[in-house]
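Residues per chain are reported as follows:
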Amino acid sequence: CGGLGTPLLAQRSEEFDRVSGEGTGRFGGRAGPALPELLKALADENDAVMVAARTALARVGKAAVPGLVEALKGGDELVRGQAMRALREMGPAASG
């Protein structure tokens, strides 16, 4: 492990955080095109990417709720946990 992959993952997570965390937070419900990628990123092997995706989805608000609810039904425990945390971080916005 390590080697060339580590700097690339770090660069990827910084970019992902910048674009997804800040960008989707500002766009809210208009972040629809990014939602599938953000939902996929909940299962990323890089913890920083996974956390950035969860944070971005929480910032998006109610537009992200259907995808997060679907993620709760999935078989991956880690993804279910991230989806649950995103909904919790959303607070009242998650219920409509």
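Just so it is clear, the structure is predicted and the values come from calculations on it, not from any experiment.

**A few points about helix α4 (residues 65–72)**
Piece 1. Those residues of α4 not exposed but buried are Val65, Leu68 and Ala71. Projected down its long axis, α4 carries its buried residues within an arc of 120 degrees, all on one side.
Piece 2. In this structure, the buried residues of α4 make contact with α2 (35–41), α3 (47–60) and α5 (77–90).

**Observations regarding α5**
Piece 1. Spanning 14 residues, α5 covers 20 Å between terminal C-alpha atoms, matching the ideal 20 Å at 1.5 Å per step.
Piece 2. Of the positions making up α5, those classed as buried are Val79, Gln82, Ala83, Ala86, Leu87 and Met90. Angular distribution of buried residues about the axis of α5 spans 135 degrees; they occupy a single face of the element. With respect to the buried face of α5, the exposed residues turned more than 90 degrees away are Glu77 and Arg88.

**Details of the nonpolar core**
Piece 1. Grouped together as the largest cluster of nonpolar side chains are 18 residues, with contacts concentrated most on Leu35, Leu38, Leu42, Leu57, Ala64, Leu68 and Met90.
Piece 2. Looking at this core, the elements with two or more residues in it are α2, α3, α4 and α5.
Piece 3. Setting aside its immediate chain neighbours within four residues, Leu35 contacts Leu57, Val60, Ala63 and Ala64.

**Description of the side chain of Arg54**
Piece 1. Inspection of the secondary structure puts Arg54 in helix α3.
Piece 2. Since its relative accessible area comes to 6%, Arg54 is described here as buried.
Piece 3. Of the polar contacts made by the side chain of Arg54, one reaches the side chain of Glu89; its length is 2.9 Å.
Piece 4. Not counting chain neighbours up to four residues away, the residues in contact with Arg54 comprise Leu42, Gln82, Arg85, Ala86 and Glu89.

**What to know about the packing of α3 against α5**
The description of two packed helices rests on the angle between their axes and on the distance between the axes.
Piece 1. It is the contact of α3 with α5, at a shortest axis distance of 8 Å, that shows an interaxial angle of 35 degrees. When the axes of α3 and α5 are compared, the crossing they make is right-handed. Residues Met50, Arg54, Thr55, Leu57 and Ala58 of α3 touch α5, and the partners they reach there are Leu78, Gln82, Arg85, Ala86, Glu89 and Met90.

**As for the pattern of salt bridges**
Piece 1. Counting across every chain of the model gives three salt bridges.
Piece 2. Glu37 is the partner of Lys40 in a salt bridge, and the nearest nitrogen-oxygen pair spans 3.1 Å. Placement of both Lys40 and Glu37 in helix α2 is noted, with a separation of three residues, approximately one turn of the helix.
Piece 3. What makes Lys40 exposed here is its relative accessible area of 57%.
Piece 4. Lys73 is the salt-bridge partner of Glu70, the closest N and O atoms lying 3.5 Å from each other.
Piece 5. Overall, the relative accessible area of 49% leaves Glu70 in the partly exposed class.
Piece 6. Relative accessible area serves as the criterion here: at 60%, Lys73 is assigned to the exposed category.

Each value, and the rule that gives it
- Residues numbered from 1 in each chain as written.
- Predicted model: local features only at pLDDT ≥ 70, side-chain atom pairs only at ≥ 80, totals over all residues.
- Heavy atoms only, no water.
- Buried < 20%, exposed > 50% of the residue type's maximum accessible area, 1.4 Å probe, protein only.
- Helix = DSSP H or I, 4+ residues; strand = E, 2+ residues; numbered from the N terminus.
- Arc of directions from axis to C-beta.
- Contact = heavy atoms within 4.5 Å.
- Expected span 1.5 Å × (residues − 1).
- Core = buried A, V, L, I, M, F, W, Y, C linked by side-chain atoms within 4.5 Å.
- Polar contact = N/O pair within 3.5 Å; in protein donor to acceptor, adjacent residues only side chain to side chain.
- Axes fitted to C-alpha atoms, helices over the stretch in contact; angles between N-to-C directions.
- Left-handed = near helix turned anticlockwise from the far one by under 90°.
- Salt bridge = Lys/Arg side-chain N within 4 Å of Asp/Glu carboxyl O.

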